[in-house]
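A structural walkthrough
Take a look at the letters that make up each chain.
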Amino acid sequence: MYGNDFVDPDEPLNAAEGGALDEVLDQATTRGDGGGFDELIAADKRIEPRDAMPDDYRKTLIRQIAQHAHSEIIGMQPEGNWITRAPSLRRKAILMAKVQDEAGHGLYLYSAAETLGVDRAELLDKLHSGRQKYSSIFNYPTLTWADAGAIGWLVDGAAIMNQVPLCRCSYGPYARAMIRVCKEESFHQRQGFDILWTLVRGTERQKAMAQDAANRWWWPSLMMFGPPDTGEAAKSGHTEQSMAWGIKRFSNDDLRQKFIDMTVPQAQKLGLTLPDPDLRWNEERGHWDFGEIDWDEFWRVLRGDGACNQQRIEHRVAAHDNGAWVREAATAYADKQAQKEAVA
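Before going into details, it helps to say that this report is about the structure given with it. Since we're looking at a predicted model, the values are computed, not measured. (Residues numbered from 1 in each chain as written. Predicted model: local features only at pLDDT ≥ 70, side-chain atom pairs only at ≥ 80, totals over all residues. Heavy atoms only, no water.)

What about the environment of tyrosine 171?
- Looking at the secondary structure, you find tyrosine 171 in the loop between helix H7 (145-163) and helix H8 (172-200).
- Placed 110 residues apart in sequence, tyrosine 171 and leucine 61 show a C-alpha to C-alpha distance of 8.2 Å.
- Non-local contacts of tyrosine 171, meaning those with residues more than four positions away in its chain, are made with Ile47, Glu48, Pro49, Met53, Tyr57, Leu61, Ala112, Thr115 and Leu116. (Helix = DSSP H or I, 4+ residues; strand = E, 2+ residues; numbered from the N terminus. Contact = heavy atoms within 4.5 Å.)

Written out as structure tokens, the structure is:
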């Protein structure tokens, strides 16, 4: 796997490596036995589409899975921007494979959402009309080739930290979809680390490019975990109920701290300085302390005032409209095959 020439392949680079993912596989595939909803949740078994479930549980899952799926397909755009400008054929091939993976992740997740009784076309319509959100991280521009590295290392690293616990989600189809997603995201993070490792060992201009990308993507990556949801902040938002239902396993704040603790040593190995003057090891806590996150920026971008919000949706809608003939042809073919089978 790319990256093994500069880091110990036995040393985990993200939350999906080092046996962490293996530990949750059994839970992801442990199906419920048809018992009542509360009984299955209490036993940490999976809820399946056939099982009765509260309407609010179903709605919460649809909202979360849809946002996750939307993020995967919108997330193809920032790095897709660099496919034609990748610095070598090898880099181009790797980046194309990564962007294709993201499309596949979106399809897995839309399929998982459909098991809850919602139509994929309805979800896409809500995305296109602004009635459903995607991760605000993708509303930032990719200005240089180093951004492809920073996205792989930081953004995908944060995504993995969020997603590995989802392999233990109480809803079976979502948990099982996440197994393959996490394995592929692990490769994505390593290729991002590889890009930056190469740049920081290049010319002074390349080193500066890598540092600039880290400066711009560090804080938005920390925002990916969502606003604070512990202490007084636990009284608002979805965390408390989602954790009670087993949809979510850790708070936003806990996952953010885990990500920082894992990523700071990697930045040191790369030779990059993370843009936080308050970042320092706290021996008493056994964690890295970090500075205040600009949540005003987070909410501003989420509301649509980011650098690329309008561009991302316009591009997505245009791609959807231009692909209508493919969907129509596939539907016509499927109908024709169904008719043949009916006659036979």
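Now that the structure has been shown, the text picks up again.
Some remarks on the nonpolar core
- Counting 87 residues, the largest nonpolar core has Tyr57, Leu61, Trp153, Tyr171, Tyr174 and Trp217 as its most contacted members.
- Tyrosine 57 has contacts with Phe37, Ile47, Ser170, Tyr171, Trp245 and Ile247, leaving out every residue within four places of it along the chain. (Core = buried A, V, L, I, M, F, W, Y, C linked by side-chain atoms within 4.5 Å. Buried < 20%, exposed > 50% of the residue type's maximum accessible area, 1.4 Å probe, protein only.)

Some words on H8
- The first and last C-alpha atoms of H8 sit 42 Å apart over 29 residues, in line with the 42 Å expected at 1.5 Å per residue.
- Of all bends in H8, the biggest is about 25°, found at isoleucine 179.
- Taken across its 29 residues, H8 has 25 buried, putting it largely inside the fold. (Expected span 1.5 Å × (residues − 1). Bend = angle between axes of the 7 residues up to and from the residue.)

With respect to the side chain of histidine 70
- By secondary structure assignment, the location of histidine 70 is in helix H3 (residues 55-74).
- Side chain to side chain, histidine 70 and glutamine 132 meet in a polar contact 2.8 Å long. (Polar contact = N/O pair within 3.5 Å; in protein donor to acceptor, adjacent residues only side chain to side chain.)

As for the state of the cysteines
- For the structure on display, the rule yields 0 disulfides.
- Unpaired in this structure, cysteine 169 has its nearest cysteine sulfur neighbour in cysteine 167, at a distance of 9.7 Å. (Disulfide = S-S within 2.5 Å.)

With respect to the pattern of salt bridges
- Across all of its chains, the model carries 19 salt bridges by this definition.
- Here lysine 248 makes a salt bridge to aspartate 229, at a shortest N to O gap of 3.6 Å. Here lysine 248 is found in the loop between helix H10 (239-244) and helix H11 (252-270), whereas its partner aspartate 229 is found in the loop between helix H9 (204-223) and H10, with 19 residues between them in sequence.
- Look at aspartate 229 and you get buried, because its relative accessible area is 6%.
- The network of salt bridges with shared partners includes Asp44, Arg46 and Arg249. (Salt bridge = Lys/Arg side-chain N within 4 Å of Asp/Glu carboxyl O.)

Quick word on the environment of proline 265
- When you line up the elements, proline 265 lands in helix H11.
- Not counting residues up to four positions away in its chain, the partners in contact with proline 265 are Ile260 and Trp288.

Quick notes on the packing of aromatic side chains
- Tallying each qualifying case throughout the model produces 11 aromatic pairs.
- Arranged with centres 6.1 Å apart and planes meeting at 25°, the rings of tryptophan 218 and phenylalanine 259 form a pair that is stacked. Within this pair, whereas tryptophan 218 is found in helix H9, its partner phenylalanine 259 is found in helix H11, the two being separated by 41 residues in sequence. The two residues tryptophan 218 and phenylalanine 259 agree in class, both being buried.
- Through a chain of ring-to-ring contacts, three or more aromatic side chains come together here, namely Phe37, Tyr57 and Trp245.
- One cation-aromatic arrangement involves arginine 201 over tryptophan 197; the distance from NZ or CZ to the ring centre is 3.5 Å.
- Directly above the ring of phenylalanine 250 sits lysine 258, whose terminal nitrogen or CZ lies 5.1 Å from the centroid. (Phe/Tyr/Trp six-rings, centres within 6.5 Å; stacked < 30°, edge-to-face > 60°. Lys NZ or Arg CZ within 6 Å of the ring centre and 35° of its normal.)

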